[in-house]
Amino acid sequence: MTPFVDGATVAEDIHEKADVVVVGSGAGGAVVARELAARGKDVILLEEGGFFTGRDFTANPREMIDLLYRNRGLTGALGRPPIPIPLGRCVGGTTTINSGTCYRAPDYVLDEWAERHGVAGAREPDLRQYFERVEAELGVRPVPDETYGRNSRLFERGAAALGYDGARIPRNERGCLGTGVCAIGCPQDAKQAVHVSYVPRAQAAGARLYTRCRVDRILLSGGQAIGVIGRFADASERETGRELRALARHVVVACGALLTPPLLERSAVPDPSGRRGQNLHIHPATRVGALFDDEVRGWEEVPQAYNVHHFTREGIFIQGQFVLPALEAPVLPGVGAAHKARMARYARLGSFGALISDETAGRVRAGRGRWPRVTYQLGPADARKLARAIGLTAEIFFAAGAREVYSGIHSQPVLQNGDEARALQQAILPAADFEMMAFHPQGTAHMGEDPRAAVTDSAGRVHGTPRLWVADASLFPSSCKVNPQITIMALATRLAEHLAAEL
Amino acid sequence: MPAVDRFLRLLFTALAAAFATTGLLFFCFPDATIATLNAAGRPVGFPPAPASALRFWLSLAVAYMMLVTLLAAAIARDPRGRADLMPILAAGKATSSLTCAGYFVASSPAFIYLANALVDGTLALVVLGAYGVVWATSGTGGARDRQLLQAVLEALVPRGGAFATGAADVALDDALVRYFARLHPLGPAGLRVLLRSLEYGTVVFERTRPFSRLDLAARERALAAWETSRLGLRRQLVASLKLLGLLHFYERPETWPGIGYDDSYLRRKLLAGPNAAAHAARLGA
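Note that the structure is a prediction, hence the values are computed from the model and not measured.

S.K.: Help me understand the overall build of chain B in this model?
M.R.: When helices and strands are counted, chain B shows twelve helices and zero strands. Start at the N end of chain B and walk to the C end: the helices and strands fall as α-α-α-α-α-α-α-α-α-α-α-α. Rg of the C-alpha trace for chain B: 28 Å, well past the compact-globule value of 19 Å for 285 residues, more than 25% over. In terms of overall dimensions, chain B has a C-alpha envelope of 90 × 40 × 35 Å along the principal axes. Within chain B, the fraction of its 285 residues that count as buried is 32%. Looking at chain B alone, contacts between residues at least 24 apart form 63% of all its contacts between residues at least 6 apart.

Written out as structure tokens, the structure is:
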């Protein structure tokens, strides 16, 4: 591993200078750091969490959630109901803990961004070269036969029987063995999360990495960004009392859609549009389980290997999501002896996730402590869409031969047949009836050429504050309708090009 | 000193100062106090409170203000050690509030009655809230907390049934106590509140005995009812319990034979890749 500065070991305050300081080492920040360093620019990359690789990943869910997830996985949005939104807090950010699914934002989404939100230069022909570059860097390819298992095959069979189009998921991996624990860190470093791809390449090109450094404030002078101040912490997240002051010609904020707006807010960065922190979309999701007569052994494959894209334009995507017993158990309905009876059939369970592209817009504001105030109330239209998504997933499972399906809906936790699944597709249910999670926060510092309507311009420059940029999913003007990683990285690649031209 | 204790000291010091100031005002300017409050209520249409030259009630009022001042000051010096004084202080404020509310409704709708009812009622709730904070954050992890936790976990994952292993077989209560302690300085307090909510929640919602005094089957039924309750908070409580309890339970290898899972596949993969040496050392393979 290329040397880096672990904030826990810093004994004195540090003063740094660079061309660019990048805050956040996730999908966006790592790309910007790498692209600029490769062009010979002097880059500092700051990360709040620690730096871990496959050797540190034990595949124990509880241990890895403690190690890699922000606030031990207890992050989310307030609303009825509250929705957990797990985030990574480590070098690589959420790419370290995601399933490695790599989809480009669909052409019609990019067209909508251009036509409805005034985003320039970001239609498919404009971004194609960046998508291709990122996919080549990450080795993106569809899941191969060796790691495509019975959970996915059964579901694929069910979807085909119903005439629903789907395909194997393109993933960022090299040498994946199908260990099946993507969401708690790839122990083989096969998943090409940015901590094993872009970050080391950035370092090799000269970028300086500081870990366990939480940026408190962006420094402004004469209305321009001139650097940041960060505080170092130990492995227990306690501040050590040491601080980093990094002055730079440009500052790039890539903390993610839930943390970028609060940092801008705390730093008193002007917000001419008044839109900062609003427009939060999260892709609400529910895991749908199914019981089969025969063994599925869903842990013996890539957890997220197959996707039904038949309904993507409608705003529904259905993707595999099989997890180890400790993570599966809480989402199975029931308690006591009844729950044990269900878990006793764990080897016969299948599991897929039903996600929706949400129209609902939540909000993010700076909180008093480290976690921002995130509010999100699932609207009726999205509640109907989620019910339909769950109903479709259940219908596919029944078509695949499932005996019963666990819906994640409190009023109807167990579905017994395809008729009930089809009825659910038309159901009108309150938001509080769903047991939801969300994995793709986006939109809270969205781009657009009009400073009265957008927080950044089409390249990611913050309107009204020269030399300040945003490079994460905050940029999306609306839901990207698919897993956002590749689109974040493509936009970050483009941003780096623009930024380099200004240096 | 923990932040909670600093807050409690500050709170009761501020209360003592406020009570002392108010008592002094009552004593030095009794008629002006009444006149001021009458004037405040007049624009909104409240009738004036009747004036009186009798000072008997005033002397009792000043004595009462002296008493609450001394109570608040005594608590401020040692909020945890003198927490037993908090309900006494709250009782005084509640009595003042309720009697004024009664006079407002039954005697004369004077502003002074309404103002005192609201102010002293709020103060009573604040003091009771402080008492609740002390209770929640004191002596967590004690025998009673542990007994409740074991009762809950036994209902969540009982012994027997589909497979033999239950919560008691893997010391699940120890695991959760450690988890909450690591989570946050107020984590143990949070666990206590969660357990007490369930313990007395069954009295309120199921109209039965407290949770821990139910037999195992009744406890399971209670948890199941909470899981599907129309009240979101009850569902959220059980969802949180399941998330933390079952995460810690099913991470234990001794639970896996019962659910048809084994980690041979995972171990094979860990020992096959580029980090095989590191994983082998960790697994003792």
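Let's pick the thread back up.
S.K.: Looking at this structure, I do not really get the overall build of chain A. What am I missing?
M.R.: On a plain count of helices and strands, chain A comes out with twelve helices and 22 strands. Rg of the C-alpha trace for chain A: 22 Å, near the compact-globule value of 23 Å for 503 residues, within the 12% margin. Considered along the principal axes of its C-alpha atoms, chain A spans approximately 65 × 45 × 40 Å. Buried positions account for 64% of the 503 residues belonging to chain A.

S.K.: Quick question: what am I supposed to make of helix 1 (residues 27–38) of chain A here?
M.R.: Residues and elements named next belong to chain A. When the terminal C-alpha atoms of helix 1 are compared, their 17 Å separation across twelve residues agrees well with the 16 Å that a helix rising 1.5 Å per residue should span. Most of helix 1 sits out of view: eleven of its twelve residues are buried. Among all positions in helix 1, only A27, G28, G29, A30, V31, V32, A33, R34, E35, L36 and A37 are buried. As for helix 1, its buried residues are in contact with strand 2 (14–23), strand 3 (43–46), helix 6 (198–204), strand 12 (239–253) and helix 12 (485–502). One or two positions beyond helix 1, positive phi appears at G40, with a value near 85°.

S.K.: Please explain the domain arrangement of chain B as it appears in this structure.
M.R.: A common way to report how large an interface is uses the accessible area buried once the components associate. One can read the domain layout of chain B as domain 1 (3–137) and domain 2 (143–259). Each of domain 1 of chain B and domain 2 of chain B was reduced to a C-alpha centroid, and the two centroids are 41 Å apart.

S.K.: How should the environment of A347(A) be read in this particular structure?
M.R.: By secondary structure assignment, the location of A347(A) is in the loop between helix 9 (336–343) and strand 16 (349–356). Assessed through the 17 C-beta atoms surrounding it within 10 Å, A347(A) is described here as partly exposed. Sequence-wise, A347(A) and G298(A) are 49 residues apart; in three dimensions their C-alpha atoms are separated by 7.2 Å. Apart from the residues within four sequence positions on either side, A347(A) is in contact with E295(A), V296(A), R297(A), G260(B) and Y261(B).

S.K.: Is there a simple way to explain the interface of chain A and chain B in this structure?
M.R.: Contact with chain A, which involves 36 residues of that partner, is made by 40 residues of chain B. Those elements giving two or more residues to the side of chain A that touches chain B turn out to be helix 2 (61–68), helix 8 (325–328) and helix 9 of chain A. Element by element, the count of residues in the side of chain A that touches chain B is highest for helix 9 of chain A, at five residues.

S.K.: Quick question: what am I supposed to make of the domain arrangement of chain A here?
M.R.: All names here are of chain A. Segmentation of chain A into domains returns domain 1 (5–139 + 184–278 + 442–502) and domain 2 (145–170 + 284–356 + 379–435). On a C-alpha basis, the centres of domain 1 and domain 2 stand 31 Å from each other. Contact residues are listed per partner, giving 13 residues for domain 1 and 15 residues for domain 2. Among the residues making up the side of domain 1 that touches domain 2, the classes are represented as eight nonpolar, two polar and three charged.

S.K.: Honestly, the environment of R70(A) in this entry has me stumped. Any pointers?
M.R.: Residues and elements named next belong to chain A. Relative to the elements of secondary structure, R70 occurs in the loop between helix 2 and strand 4 (76–77). Given 25 C-beta atoms within 10 Å, R70 falls into the buried group. Between the C-alpha atoms of R70 and E48, which are 22 residues apart in sequence, the distance is 9.9 Å. The residues contacting R70, other than those within four sequence positions of it, are T75, L87, G88 and R89.

S.K.: Help me out: how do you make sense of the nonpolar core in this one?
M.R.: If you look at soluble globular proteins, the nonpolar side chains tend to sit buried side by side. Grouped together as the largest cluster of nonpolar side chains are 208 residues, with contacts concentrated most on V21(A), V22(A), V32(A) and V43(A). With residues up to four places along the chain from it excluded, the contact list for V22(A) reads G29(A), V32(A), A33(A), V43(A), L45(A), L46(A), V252(A) and A254(A). Listed in part, the 20 residues of the second largest apolar core include I75(B), L123(B), A130(B) and Y131(B).

S.K.: Help me out: how do you make sense of the pairing of strand 3 of chain A in this one?
M.R.: Along any regular strand the residues' side chains alternate between the sheet's two faces. Residues and elements named next belong to chain A. Residues V43 and L45 point to one face of strand 3 and I44 and L46 to the other, with burial holding for every one of them. Bridging between strand 2 and strand 3 involves four bridges; their strand directions are parallel. In the sheet register, V22 faces strand 3, and the bridge partner there is L45. Crossover strand 2 to strand 3 through helix 1 is right-handed. Examined bridge by bridge, strand 3 and strand 9 (residues 208–211) share three bridges and lie parallel to one another. What sits directly across from L46, in strand 9, is Y210.

S.K.: I'm lost on unusual backbone geometry in this one. Help?
M.R.: What is expected of a backbone is that most residues other than glycine have negative phi and most peptide bonds are trans. Here the amide bond leading from R80(A) into P81(A) is cis, since omega sits at 5°, within 30 degrees of zero. Assignment of secondary structure puts P81(A) in the loop between strand 4 and strand 5 (83–84). The phi angle at A171(B) is positive, at roughly 50°, despite the residue not being glycine. Here A171(B) lies in the loop between helix 6 (143–156) and helix 7 (172–183).

S.K.: I keep staring at the confidence of the model for chain B and nothing clicks. Help me out?
M.R.: Regions with low pLDDT carry predicted coordinates that are not meant to be interpreted in detail. Summing up the model confidence of chain B, the mean pLDDT is 91 and the portion of residues at 70 or higher is 99%. We note a pTM of 0.88 for the whole complex and an ipTM of 0.92 for its interfaces.

S.K.: How should the packing of helix 6 of chain B against helix 10 (residues 232–250) of chain B be read in this particular structure?
M.R.: The description of two helices packed together rests on the angle between their axes and the distance between the axes. All names here are of chain B. It is at 11 Å that the axes of helix 6 and helix 10 come closest, and there the two elements cross at 85°. Our classification of the angle between helix 6 and helix 10 gives roughly perpendicular. Contacts between helix 6 and helix 10 involve V152, L153 and L156 from the first element and L241, K242 and G245 from the second. Residue composition of the contact of helix 6 with helix 10, by class: four nonpolar, one polar and one charged.

S.K.: Please explain the pairing of strand 2 of chain A as it appears in this structure.
M.R.: The pairing of strand 2 of chain A with strand 12 of chain A spans nine bridges and is parallel. In the strand pairing of strand 12 of chain A, V22(A) is matched with V252(A).

S.K.: What is the right way to look at the packing of helix 3 (residues 56–77) of chain B against helix 4 (residues 85–106) of chain B in this model?
M.R.: All names here are of chain B. Look at helix 3 against helix 4: their axes get within 10 Å of each other, and the N-to-C directions meet at 150°. As the angle between them shows, helix 3 and helix 4 are arranged roughly antiparallel. Crossing angle aside, the handedness with which helix 3 passes helix 4 is left-handed. Residue-level inspection shows Y64, V68, L71, A72, A74 and I75 of helix 3 in contact with helix 4, the latter providing L85, M86, I88, L89 and G92. A per-class count over the contact of helix 3 with helix 4 returns ten nonpolar, one polar and no charged.

Cut-offs used in this document
- Residues numbered from 1 in each chain as written.
- Chains lettered and ligands numbered in written order.
- Predicted model: local features only at pLDDT ≥ 70, side-chain atom pairs only at ≥ 80, totals over all residues.
- Helix = DSSP H or I, 4+ residues; strand = E, 2+ residues; numbered from the N terminus.
- Rg over C-alpha atoms; globule rule 2.2 N^0.38 Å.
- Buried ≥ 20, exposed ≤ 12 C-beta atoms within 10 Å, placed from the backbone.
- Contact = placed C-beta atoms within 7 Å.
- Expected span 1.5 Å × (residues − 1).
- Domains from an automatic or database assignment.
- Nonpolar A, V, L, I, M, F, W, Y, C, P; charged D, E, K, R; others polar.
- Core = buried A, V, L, I, M, F, W, Y, C linked by C-beta atoms within 7 Å.
- Pairing = 2+ DSSP bridges.
- Right-handed = clockwise from strand over helix to strand, strands pointing away.
- pLDDT = per-residue confidence, 0-100.
- Axes fitted to C-alpha atoms, helices over the stretch in contact; angles between N-to-C directions.
- Parallel < 35°, antiparallel > 145°, perpendicular 65-115°, else oblique.
- Left-handed = near helix turned anticlockwise from the far one by under 90°.

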